[in-house]
Amino acid sequence: MVKELAWGLLLAPMVVHAETLKAERQQQLLNLLKQDCGSCHGLQFKGGLGPPLLPEALSGKPDSTLIDTIVNGRPGTAMPPWRGFLTADEAAWLVNQLRNPQ
Ligand code: HEC
């Protein structure tokens, strides 16, 4: 009983912290998407140097291909690898944002 209470006290702040980080990280990723990705794909993702990333343009393309493109880039094209900046899970989250814009 005392032991469980102690764990609760120990873990509660960590959980809260993880959630704030997550929200912060989402904001960072959204900024990256707008500023860095937008510089090539267009501020509205209608295309530029890179192809459009609008939901219509991405429909029919599997998540795995898009995530791989973001993480590893496309060698021989202007699309750079982003693996130093985000994880595959985060790339998946970005693909979901692109498919379901707010
Ligand atoms: C320097 C320019 C540049 C930047 C910055 C850039 N891209 Fe790209 N991206 C491209 C180009 C060019 C292609 C097309 C590559 C090809 O010809 O296959 C592409 C392709 C893609 C594709 C595949 C689209 C499809 O229809 O298959 C996705 C998804 C993508 N980029 C996402 C991103 C995301 C997310 C970011 C930011 C983290 C980003 N790109 C930043 C140039 C860029």
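Structure: see above.
Now for a description of the structure that goes with this document. What you see is a predicted model; the values in this text were computed from it and never measured.

## Section: the coordination of the iron atom of the ligand
Taken together, His41 (NE2) and Met79 (SD) make up the full set of protein donors to the iron atom of the ligand, lying 2.0 to 2.2 Å away. For the iron atom of the ligand, the six donor atoms in the first shell make angles of 87 to 179° at the metal, so the coordination geometry reads as octahedral. Linking His41 in helix H1 (residues 2-41) with Met79 in the loop between helix H3 (63-72) and helix H4 (88-99), this pair joins segments that are 38 residues apart in sequence. Relative accessible area serves as the criterion here: at 8%, His41 is assigned to the buried category.

## Concerning the nonpolar core
Proteins that are soluble and globular tend to have nonpolar side chains buried together. Core analysis: the largest hydrophobic core is formed by 18 residues, its most contacted members being Leu33, Phe45, Ile70, Trp82, Leu86, Ala91 and Leu98. Of all elements in the fold, only H1, H3 and H4 reach the threshold of two or more residues within this core. Setting aside chain neighbours within four positions, we find Phe45 in contact with Leu33, Lys34, Cys37, Gly38, Pro52, Leu53, Leu54 and Leu98.

## So, the pattern of salt bridges
Here the idea is simple: oppositely charged side chains can pair when their charged atoms come close. Using the criterion set out here, one finds two salt bridges in the structure. Ionic pairing is found between Arg25 and Glu90, a salt bridge with its closest N-O pair at 2.9 Å. A residue pair is termed long-range when its members are at least 10 positions apart, and Arg25 in helix H1 and Glu90 in helix H4 qualify at 65 residues. Under the relative-accessibility criterion, Arg25 is labelled partly exposed at 26%. Glu90 sits in the buried class, given a relative accessible area of 17%.

What counts, and at which threshold
- Residues numbered from 1 in each chain as written.
- Predicted model: local features only at pLDDT ≥ 70, side-chain atom pairs only at ≥ 80, totals over all residues.
- Heavy atoms only, no water.
- Donors = N, O, S within 2.8 Å, 3.2 Å for Na, K, Ca; no water.
- Tetrahedral: all angles 85-135°; square planar, octahedral: opposite > 155°, others 65-115°.
- Helix = DSSP H or I, 4+ residues; strand = E, 2+ residues; numbered from the N terminus.
- Buried < 20%, exposed > 50% of the residue type's maximum accessible area, 1.4 Å probe, protein only.
- Core = buried A, V, L, I, M, F, W, Y, C linked by side-chain atoms within 4.5 Å.
- Contact = heavy atoms within 4.5 Å.
- Salt bridge = Lys/Arg side-chain N within 4 Å of Asp/Glu carboxyl O.

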